[in-house]
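Spelled out from the first residue to the last, the chains are:
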Amino acid sequence: MAPSKLNSTDSCGNGDASFSCSQPDNGLNDSLSLFHSEKAVQELLQQNLIQGTDDHLIEFSEALRTVAKALRRAAEGKASAQAEAAEWKRRYELERERNLRLQRKENSPEEHNDDFNEERTENSTNQSVLSSHINKKSENCCTNEICSHEILRDGETDSDSKMIQNRMMRKASFKLSWCCKSENSDQHKHDVVSFERGNITTAGRSSRQISLKWGSNPQTVLIMTKPNSTSVQILCADMVRWLKEHKRLNIYVEPRVRGELLTESSYFNFVQTWKDDEEILLLHAKVDIVVTLGGDGTVLWVASMFKGPVPPIVPFSLGSLGFMTPFYSQHYRDSLDSILKGPISITLRHRLQCHVIRDAATDEVETEEPILVLNEVTIDRGISSFLTNLECYCDNSFVTCVQGDGLILSTTSGSTAYSLAAGGSMVHPQVPGILFTPICPHSLSFRPLILPEHVTIRVQVPFNSRSPAWASFDGKDRKQLKPGDVLVCSMAPWPVPTACQVDSTNDFLHSIHEGLHWNLRKTQSFDGPRDQ
């Protein structure tokens, strides 16, 4: 049952063992009064009853428990309202941006013609040709494809449109489309169900592999490496030299890597980097492609750097297991040459967007910044010896109360990580969903769930919890959740596109075969007894 909003205050006297509750005119009490009221109630409940307690004191104790429940429901209602307000604000901003984009598209034909004629008389021939090429690309975006300006644009306003357009001119454009193995299945490949003559049937589906096709040649590459590895440093230096001399690309690296390259030779003076976090926020507008040299942890680190849109990532395997790193470093020249020419298969890995709402926050301004995770967010008991007590809701519908070591909310890309170790299922990374996996639950019937991607999950530490909980996001950024605090998780609008060696399904099956030795056993002998 979803938490209900209850307006109540209490004034309880210890001397005459009486209490009174009055309903305010302006809705919910503020968080401080609720917290202090319930704290006082809890202290009274924890006091040992004097020997010879009569029936009146027993009734008084039950009344106090009823008041405590009412206060808890009021606080839960407040947290629910805050979470719902944040979600509606996010939806409003997305809807507003989409309406502005549609409005610009409706007004673009006449404006583009006038502006184009003026620019032809003022600007050089090369600039006008480039401008018309970009306008043509933006107008010819079909509904069946995902264009680069839609993936790598992070909610610009009208006042910034000219600046963004100039910035995007330096980037390579591309389109993502559904691959179709059969030429004749192009018509219905985007339909899920069809309705004809009163019958609902599933439409014939083609291959759902996603293909990336470059609209213009990539110009800038970002190389991210695993630290403290000599072999990775040697490979990085060789790759930088090859990309500069043979592909004529602009190269970005981390400040640490640039220092290592300059220590080796002054030849690498052309390598670029960034100075502060503000420049990192603009990397997605400068970089066409990202190359990672490491394991899955390096891919997670790259994903955490981009708080919004993420350029396509080419992950090379230099780690241990490598569920997200299908490319081999020994053949990096052939792999990069094929990727830079295109088209290539892409896996869109969904991310979770997490908000921590503190009980002490008086308004939305005081809520913390959202955190994006590619694998999972984990809520556990930390160093406490008590069971974790978590109340979980899905779109304001009560799910369950978790009592155990903790809870994992995982993406399908993270289904082969912590969630798998806790008993969750392995899920194809392009299946849109959220895994709900308990950690050592104190109930034999508590099994993992897979929820649809459009839901919003809310996890709250109740006020009667014996200890706080701890949340970690992709294994880092650990935060304490005190009683009354809420963690809200939903699917982020910016996926992480990773390049495939073959395609997403082949790479996924290859990773679980090679990394986990999935269902590996000796074949049964053929010379045994047989059915007659």
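Residues numbered from 1 in each chain as written. Predicted model: local features only at pLDDT ≥ 70, side-chain atom pairs only at ≥ 80, totals over all residues. Heavy atoms only, no water.

Here helix H12 (residues 504–516) spans 17 Å end to end across 13 residues, near enough to the 18 Å set by a 1.5 Å rise per residue. Each element contacted by the buried residues of H12 is listed here: strand S13 (344–349). A side-chain oxygen of the first residue of H12 lies 3.2 Å from the backbone nitrogen of Thr505; this N-cap is Asp503. Looking one or two residues beyond H12, the residue adopting positive phi is His517, at roughly 50°. (Helix = DSSP H or I, 4+ residues; strand = E, 2+ residues; numbered from the N terminus. Expected span 1.5 Å × (residues − 1). Contact = heavy atoms within 4.5 Å. Polar contact = N/O pair within 3.5 Å; in protein donor to acceptor, adjacent residues only side chain to side chain.)

Look at helix H6 (residues 230–247) against helix H7 (residues 255–264): their axes get within 11 Å of each other, and the N-to-C directions meet at 80°. With respect to each other, H6 and H7 are oriented roughly perpendicular. Contact with H6, carried on its side by Gln233, Cys236, Ala237 and Val240, involves Val257, Glu260, Leu261 and Glu264 of H7 and no other residues of that element. Residue composition of the contact of H6 with H7, grouped by class: five nonpolar, one polar and two charged. (Axes fitted to C-alpha atoms, helices over the stretch in contact; angles between N-to-C directions. Parallel < 35°, antiparallel > 145°, perpendicular 65-115°, else oblique. Nonpolar A, V, L, I, M, F, W, Y, C, P; charged D, E, K, R; others polar.)

What follows covers the packing of aromatic side chains. Applying the stated rule across the entire model yields seven aromatic pairs. Arranged with centres 5.5 Å apart and planes meeting at 80°, the rings of Tyr267 and Phe270 form a pair that is edge-to-face. Given a relative accessible area of 33%, Tyr267 falls into the partly exposed group. Since its relative accessible area comes to 24%, Phe270 is described here as partly exposed. Ring centres 5.8 Å apart and planes at 50° place the aromatic pair Phe316 and Phe327 in the tilted group. Here Phe316 is found in strand S11 (residues 313–317), whereas its partner Phe327 is found in strand S12 (residues 327–328), with eleven residues between them in sequence. Here the aromatic residues Tyr267, Phe268 and Phe270 are joined through ring pairs into a cluster of three or more. In this arrangement the basic side chain of Arg458 is found over the ring face of Tyr393, its NZ or CZ atom lying 4.3 Å from the centre. (Phe/Tyr/Trp six-rings, centres within 6.5 Å; stacked < 30°, edge-to-face > 60°. Buried < 20%, exposed > 50% of the residue type's maximum accessible area, 1.4 Å probe, protein only. Lys NZ or Arg CZ within 6 Å of the ring centre and 35° of its normal.)

Burial runs high along strand S17 (residues 388–394): seven of the seven residues are buried. Of the strand pairs in this sheet, S17 and strand S18 (residues 397–410) are connected by seven bridges, and their pairing is antiparallel. Counterpart to Asn389 in the pairing with S18 is Gln403. Between the antiparallel neighbours S17 and S18 lie two residues, among them Asp395 with a positive phi of about 50°. Note: S17 against strand S21 (residues 457–460), four bridges, orientation antiparallel. (Pairing = 2+ DSSP bridges.)

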